[in-house]
Amino acid sequence: MEDKNFAGKNLSSLQHFLIVGFSDLPQMQIPLFVIFSLMYLMALLGNLIIMATIYARSQLQTPMYFFLSNLAFLDISYISAIFPQMLAHYFQNGRSISLTECLLQIYFFIYLVSTEFFLLTVMAYDRYVAICNPLHYTTIMNRTFCMQLASGSWALSFLVPLAHTVLMSKLTFCQPHRLNHFFCDVAALLKISCSNTHIIDMITYTLGATVLLISFLSIITSYVNITVSIQKIKSKRGRQKAFSTCASHLTVVILFYGSLSFAYVRPSSTYSLNDNKVMSLSYIVVTPLCNPIIYGIRNTDFKNALWNSKNRP
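From a predicted model like this one, the values you see are computed outputs, not experimental measurements.

1. Structural notes on a nonpolar patch on the surface
At step 1: There is a patch of nonpolar side chains on the surface, built from Leu212, Leu213, Phe216, Leu217, Ile220, Val224 and Val228 and spanning about 580 Å² of accessible area.
At step 2: Relative to the assigned elements, Phe216 resides in helix α10 (residues 198-231).

The following block contains the structure:
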């Protein structure tokens, strides 16, 4: 229901919006709050276990697990950029959010998504070196270089959302003042703007496509070379062992790219903000929730380290 305090006022001066969320399902508000709360807590717990286990066990102090701990921290940040405020809205009458808060949420969310693209690319390169150049792996993937790759992923992504976030801060907004989403999604915010958003649209899609293509093509290149190298291994056991070292990462890549594609890569004639609310959950929740499960189930070294941690006196 629309907040009467905002009715009939110019939102360009108020600079506040209403987050619609899932208010079109009033009978489901309590069940949705419980479900989303459990998802959030499970994602936090799973990724904290990943980070704590890697930190505590000496056998996991390798480049692959260093990047995995970065990914776990990223997933915690990723879901925390959206869910705490979304859950708090269930207890707020009107679910209002200021333009400043909205832009900050957009900026950090895009920043973290971009970081995940680059970090998954770095992890693919790590697997490429491990399988295609194993004799020089420890020399190439030394601690300093790993730190540079990880920090570079975080630092480079910081610039990705800067331009269009600054431009969005200069937009004017008019009635209706309702954001038809459960967080400040770019498309939802631009839809209620009275300004010409063509330049912002171009920048958003250009930067997004550039980051996605660079990441996707780099990962594909790494895995093509990995596949070629694995095929040269004569023993079946050797091939299975080589593939198992990158199976978890490949599963995470497919999950992340697949969920994003499910949300955005579809005909514009079928695109609607109502549908996008549901589809956005597929990449905001699924990736942080499933990554710990994927690495915990498929990775023998991690399972052994976790089991040993539980049984330590």
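There is more to say after this.
2. Here we look at the state of the cysteines
At step 1: In the structure shown here, the tally under the stated rule is one disulfide.
At step 2: There is a disulfide in this structure between Cys102 and Cys184, and the S-S distance comes to 2.0 Å. The sign of the S-S torsion, about -120°, decides the handedness of the disulfide formed by Cys102 and Cys184: left-handed. Highlighted residues: Cys102 in helix α5 (residues 99-132) and Cys184 in the loop between β3 (178-179) and α9 (186-191), separated in sequence by 82 residues. When sorted by exposure, Cys102 lands in the same class as Cys184, which is buried.
At step 3: Of the cysteine sulfurs around Cys246, a residue in no disulfide, the closest is that of Cys132, at 9.3 Å.

3. Side note on the environment of Tyr283
At step 1: Its place among the elements puts Tyr283 in helix α12 (residues 273-284).
At step 2: Residue classification places Tyr283 among the buried positions, given a relative accessible area of 1%.
At step 3: Through-space distance from the C-alpha of Tyr283 to that of Val113 is 9.8 Å; in sequence the pair is 170 residues apart.

4. Observations concerning the packing of helix α2 (residues 29-56) against helix α3 (residues 63-80)
At step 1: It is at 9 Å that the axes of α2 and α3 come closest, and there the two elements cross at 155°. Viewed along their axes, α2 and α3 adopt a mutual orientation that is roughly antiparallel. Judged by the sense of rotation from one axis to the other, the crossing of α2 with α3 is left-handed. Here Tyr40, Ala43, Leu44, Asn47, Leu48, Ile50, Met51 and Ile54 of α2 lie close against α3, whose contacting residues are Tyr65, Leu68, Ser69, Ala72, Phe73, Asp75, Ile76, Ile79 and Ser80.

Rules behind the numbers
Within each chain, residue numbers correspond to sequence positions counted from 1 in written order. Reporting of local features is limited, given that this is a predicted model, to residues whose pLDDT is at least 70; pairs of side-chain atoms are given and counted only at 80 or more, and all residues count toward the totals for whole chains, interfaces and linings. Only heavy atoms go into the side-chain values, all of them from the structure, while hydrogens and water stay out. Only residues whose relative accessible area exceeds 30% and that form no salt bridge are eligible for patches; like-charged ones are grouped when within 9 Å, while nonpolar side chains (Val, Leu, Ile, Met, Phe, Trp, Tyr) are grouped when within 5 Å. Here the open area of atoms and residues is found with the Shrake-Rupley method and a 1.4 Å probe, where only the protein chains shown may cover a residue. For salt bridges, the criterion is a side-chain nitrogen of Lys or Arg within 4 Å of an Asp or Glu carboxyl oxygen. The numbering of helices and of strands both runs from the N terminus, where a helix is a DSSP run of H or I of at least 4 residues and a strand a run of E of at least 2. Cysteine sulfur atoms are paired as a disulfide whenever they fall within 2.5 Å. Throughout this description, buried means an accessible area under 20% of the type-specific maximum (1.4 Å probe, protein chains only), exposed means over 50%, and partly exposed covers the range between. For helices, the axis comes from a line fit to the C-alpha atoms of the stretch in contact; other axes are also lines fit to C-alpha atoms, and the angle between any two N-to-C directions lies between 0 and 180 degrees. Working rule for angles: under 35 degrees goes down as roughly parallel, over 145 as roughly antiparallel, 65 to 115 as roughly perpendicular, anything else as oblique. Helix crossings are classified by the rotation of the near helix relative to the far one: an anticlockwise turn of less than a right angle makes the crossing left-handed, while a clockwise turn makes it right-handed. Two residues qualify as a contact provided that any one of their heavy atoms is within 4.5 Å of a heavy atom in the partner residue.

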